[in-house]
Amino acid sequence: MKKPILASVALSILAGVTWAAGDDKAIQALVDQYISTGYQQGDKQHLERLKQDETLKICSETRNKPSDEQAKAIVEREKASIKYPEKMLGSWEKGKEVFNTGFGMRVGVIMPDKADKPRGGNCYACHAADPKEVAAGNIGSSLTGYGKARGNNETNIKYTYEKIYNSQAHVACSNMPRFGANGVLNPEQIADLVAFLIDPASPVNK
């Protein structure tokens, strides 16, 4: 049995006992312990994502239902983190590669992945895009026909760039990873993703 599975079993048993006692601090301590030790440690394993910043703490504490005041503060703070490239519309061919590949925001490593594998968005884990690609997740909305439906105007290009760079700049407690803000993708890669979604020549819009 692998370590993460053992950790999950132990966490379930111990947390059940603690819940019965109503000790929230002990529950949190167990959760923190098993999450931090339940994955293979090493370079580029993105374990820094286990440390919640102010935004994620609020979303966790409110179960993704922040007050209007909290939501406004989150959106303003996250929007301030966005860095823009010279051009927000890059190459759809390069964007296709970024969409298809990479670690995304995964914690841990799955063999035979290599630590020096280029970082991509792993976007198909959650979204459909190219209609010819059937191995797509449905956690996120389908992006097939995205540019055809929304247009390739400057307003949509900027919105799409910002949404990918930091989704919480638009939706306070969005479940979408903050790819740019967390350094998973650089501004140029995000501009290429925008092109993949918006460019009329992209297979997404065929």
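Quick caveat: nothing in here was measured; it's all calculated off a predicted structure. (Residues numbered from 1 in each chain as written. Predicted model: local features only at pLDDT ≥ 70, side-chain atom pairs only at ≥ 80, totals over all residues. Heavy atoms only, no water.)

Caption draft 1: Summary view of helix α2 (residues 24-37). In this model, α2 (14 residues) spans 20 Å end to end at C-alpha, consistent with the 20 Å of a helix rising 1.5 Å per residue. Within α2 the residues assigned to the buried category are Ile-27, Leu-30 and Tyr-34. Taken down its axis, α2 places every buried residue within 65 degrees of arc, on the same side. For α2, the exposed residues lying more than 90 degrees away from the buried face are Asp-24 and Lys-25. (Helix = DSSP H or I, 4+ residues; strand = E, 2+ residues; numbered from the N terminus. Expected span 1.5 Å × (residues − 1). Buried < 20%, exposed > 50% of the residue type's maximum accessible area, 1.4 Å probe, protein only. Arc of directions from axis to C-beta.)

Caption draft 2: Quick peek at the pattern of salt bridges. With the rule as written, the count across this model stands at 6 salt bridges. Residues Arg-178 and Asp-53 are paired through a salt bridge, measuring 3.0 Å at the closest nitrogen-oxygen approach. Taken as a pair, Arg-178 in the loop between α7 (154-165) and α8 (187-198) and Asp-53 in the loop between α2 and α3 (54-61) lie far apart in primary sequence, 125 residues in all. One salt bridge connects Glu-78 with Arg-178, and the closest N-O pair in it is separated by 3.2 Å. Here the residue Glu-78 occupies a position in helix α4 (residues 68-79), and Arg-178 occupies one in the loop between α7 and α8, the gap between them amounting to 100 residues. The two residues Glu-78 and Arg-178 agree in class, both being buried. Taken together, the shared-partner salt bridges in this structure form one network comprising Asp-53, Glu-54, Arg-77, Glu-78 and Arg-178. (Salt bridge = Lys/Arg side-chain N within 4 Å of Asp/Glu carboxyl O.)

Caption draft 3: Molecular detail of the nonpolar core. The biggest cluster of nonpolar side chains holds 25 residues, and the ones touching the most others in it are Phe-99, Ile-164, Leu-185, Leu-193, Phe-196 and Leu-197. Breaking this core down by element, the ones donating at least two residues are α5 (92-100), α7 and α8. With 6 residues, the next largest nonpolar core counts Cys-59, Ala-71, Ile-74 and Ala-172 among its residues. (Core = buried A, V, L, I, M, F, W, Y, C linked by side-chain atoms within 4.5 Å.)

Caption draft 4: Expanded view of the packing of α3 against α4. With their axes 10 Å apart at the nearest point, α3 and α4 run at an angle of 155 degrees to one another. The angle between α3 and α4 places the two elements in the roughly antiparallel class. Both α3 and α4 take part in a crossing whose hand is left-handed. Of α4, the residues touching α3 (which contributes Glu-54, Thr-55, Ile-58 and Cys-59) are Gln-70, Ile-74, Arg-77 and Glu-78. (Axes fitted to C-alpha atoms, helices over the stretch in contact; angles between N-to-C directions. Parallel < 35°, antiparallel > 145°, perpendicular 65-115°, else oblique. Left-handed = near helix turned anticlockwise from the far one by under 90°. Contact = heavy atoms within 4.5 Å.)

Caption draft 5: Representation of the state of the cysteines in the model. Counted by the stated rule, this structure contains 1 disulfide. With a sulfur-sulfur separation of 2.0 Å, Cys-59 is cross-linked through a disulfide to Cys-173. When the S-S torsion is -90 degrees, as for the bridge of Cys-59 with Cys-173, the disulfide is left-handed. Taken together, the residues Cys-59 in helix α3 and Cys-173 in the loop between α7 and α8 connect sequence positions 114 residues apart. By relative accessible area, Cys-59 is classed as buried at 4%. Of all cysteine sulfurs in the structure, the one in Cys-126 sits closest to Cys-123, which takes part in no disulfide; the separation is 8.5 Å. Classification of Cys-126 as partly exposed rests on a relative accessible area of 27%. (Disulfide = S-S within 2.5 Å.)

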